[in-house]
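Residue strings, one per chain:
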Amino acid sequence: MAVLPSTREPPGSVRRNSAYGAEARTSSAPSSRRVQSSDPLAPHGYQTLGPIAAGAFSQIARARHAGSRCEVAVKSFNKVKCAKEPHLGSAMKNELDVLKLLQPAKHRHVANILAVLESKNSIHAVLEYCGGGSLHRQLQTRGHAKGFSERESIVVTAQLCSGLAYMHGLGVAHRDVKPENILFTDGSLSSVKLCDFGFAIRCGERRLRTVCGSPQYMAPELSRHEPYHGQPVDVWALCAVVYEMLHGKAAFRGSSMEQLGIRIMRVSHESFGTEASAGARSFIKQGLTFDPQARALAQDLSNHSWLGALRQEAQEEARQEEARQEALQEARQQALQQARQESIECS
């Protein structure tokens, strides 16, 4: 497999069913007659609106709940394939277990599971639908080497740190953080959610052995084929994504998989451009650290001064808005007093 400088995802890498959103909306809603006769979700009170993505043993569709009219994403697992191939059944169980573990808090930056439905041939995981498309798609539309503004990047990064810190606090590692698995909730692009928990695992402090993820976002320890901790792998990938958001290009690139691997092992990412401030560079470097034990935790990054600048700005905006409202209220009171005074003088 080769990793070409002009591509965001290495050719030959596996395209996983990673979107719980509008990334691949390719068909219009079916007619009600067809829904009633062939829609596998109809018996559960949902109407299938169109496909989103498909994998080896599952597929994701956009659907609408008949009662609430709420749109959802439904990931359907093929029970026959899962029964025939034990590793697929184990993968499905693991993904559902992680989603159920994360669900109670309904963290706003995780694409949460809403329900699990079962039919004769499938198990359906009903998930939150994100209509704004993926970060990958948004970066593509902005053109090569043209990323997000620093403010936009800070907003997304703060939300991702919050989501990962929550997951890591429960002992869960995502293990496939990348732009394709980060979805905007709607067209305002103001909020994101982490999706696709196919590689996620509840591991706590236990070391893992399975090498998984997408090559351009894989931490150095994964290339050594030694047991590794899951949470530091997520932090590495997160900071590679932050670099890409700011610069509009991947942090690690190579003309071959071998060259890509060498650059990752040397932590030889693309040079920083003027798009990255000193604060952004500090944030990224704390995650793109070779030694996973020295790598920052997601919670540490949530408190980084680079993100703190956004909090300070938000607080200042709140203070300005409060002052504006007080000035308006004072102006209204003065106008009212003046009107009363004029009324008294007229009488």
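Up top you'll find the structure we're talking about.
None of these values were measured; they are calculated from a predicted model.

> Before we go on, may I ask you to explain the pairing of strand E1 (residues 46-54) in this structure?
Walk down a regular strand and you will see the side chains alternate between the two sheet faces. Two strands pair when backbone bridges link them, and E1 and strand E2 (residues 58-65) are joined in this way by seven bridges, in the antiparallel orientation. Within the sheet, the bridge partner assigned to Tyr46 lies in E2 and is His65. Counted between consecutive antiparallel strands, the loop separating E1 from E2 contains three residues.

> Sorry, what's going on with the packing of aromatic side chains here?
Pairs of aromatic rings are described using the distance from one ring centre to the other and the angle between the two planes. Per the counting criterion, the structure on display carries five aromatic pairs. Taking the centre distance of 5.9 Å and the plane angle of 50° together, the rings of Tyr243 and Phe272 count as tilted. A residue pair is termed long-range when its members are at least 10 positions apart, and Tyr243 in helix H7 (residues 230-247) and Phe272 in the loop between helix H8 (257-265) and helix H9 (278-287) qualify at 29 residues. You can call Tyr243 buried: its relative accessible area is 0%. Across the ring face of Phe148, the terminal group of Arg142 is positioned such that the distance to the ring centre comes to 3.8 Å.

> What should I look at first to understand empty space enclosed by the protein in this one?
Empty space left among the atoms is revealed by rolling a probe the size of a water molecule over them. Evaluation of the coordinates by the stated rule reveals one cavity of 30 Å³ or more. Counted as a void, the largest cavity has a volume near 50 Å³. Tallied by class, the residues present in the lining of the largest cavity amount to seven nonpolar, two polar and two charged.

> Help me understand the pattern of salt bridges in this model?
Where charged atoms from two side chains of opposite charge come close, those side chains can pair. For the coordinates displayed, the defined rule picks out twelve salt bridges. The salt bridge partner of Lys79 is Glu118, with a shortest N-O separation of 2.8 Å. Highlighted residues: Lys79 in helix H2 (residues 79-84) and Glu118 in strand E4 (residues 113-118), separated in sequence by 39 residues. For Lys178, the salt bridge goes to Asp176, with nearest N and O atoms at 4.0 Å. Take Lys178 and Asp176: they sit in the same class, and that class is buried.

> I'm lost on unusual backbone geometry in this one. Help?
Trans is the prevailing form of peptide bonds, just as negative phi is the prevailing case for residues other than glycine. For Arg69, which is not glycine, the phi torsion reads 65° and is therefore positive. Tracing the backbone through its elements, the reader meets Arg69 in the loop between E2 and strand E3 (71-78). In this structure, Arg175 is a non-glycine residue whose phi angle is positive, near 70°. In this fold, Arg175 is placed in the loop between strand E6 (172-173) and strand E7 (182-184).

> How should I be thinking about the pairing of E3 in this particular structure?
Across the eight residues of E3, six count as buried, placing the element largely inside the fold. The pairing of E2 with E3 spans seven bridges and is antiparallel. Bridge assignment links Ala61 to a residue of E3, and that residue is Val74.

> Would you mind going over the nonpolar core with me for this structure?
Proteins that are soluble and globular tend to have nonpolar side chains buried together. If you look at the biggest cluster of nonpolar residues, it comprises 79 residues, and the most contacted ones within it are Tyr20 and Phe197. Sort the elements by how many residues they give to this core and H7 lands first, with twelve residues. Excluding its chain neighbours within four sequence positions, the residues that come into contact with Phe197 are Tyr20, Glu95, Val98, Leu99, Leu102, Val110, Ala111, Met167 and His174.

What counts as what
- Residues numbered from 1 in each chain as written.
- Predicted model: local features only at pLDDT ≥ 70, side-chain atom pairs only at ≥ 80, totals over all residues.
- Heavy atoms only, no water.
- Pairing = 2+ DSSP bridges.
- Helix = DSSP H or I, 4+ residues; strand = E, 2+ residues; numbered from the N terminus.
- Phe/Tyr/Trp six-rings, centres within 6.5 Å; stacked < 30°, edge-to-face > 60°.
- Buried < 20%, exposed > 50% of the residue type's maximum accessible area, 1.4 Å probe, protein only.
- Lys NZ or Arg CZ within 6 Å of the ring centre and 35° of its normal.
- 1 Å grid on protein atoms, 1.4 Å probe; cavity = no way out; pocket = protein on both sides within 12 Å on 5 of 7 lines; lining within 4 Å.
- Points joined across faces, edges and corners; volume = space filled by probe spheres on them.
- Nonpolar A, V, L, I, M, F, W, Y, C, P; charged D, E, K, R; others polar.
- Salt bridge = Lys/Arg side-chain N within 4 Å of Asp/Glu carboxyl O.
- Core = buried A, V, L, I, M, F, W, Y, C linked by side-chain atoms within 4.5 Å.
- Contact = heavy atoms within 4.5 Å.

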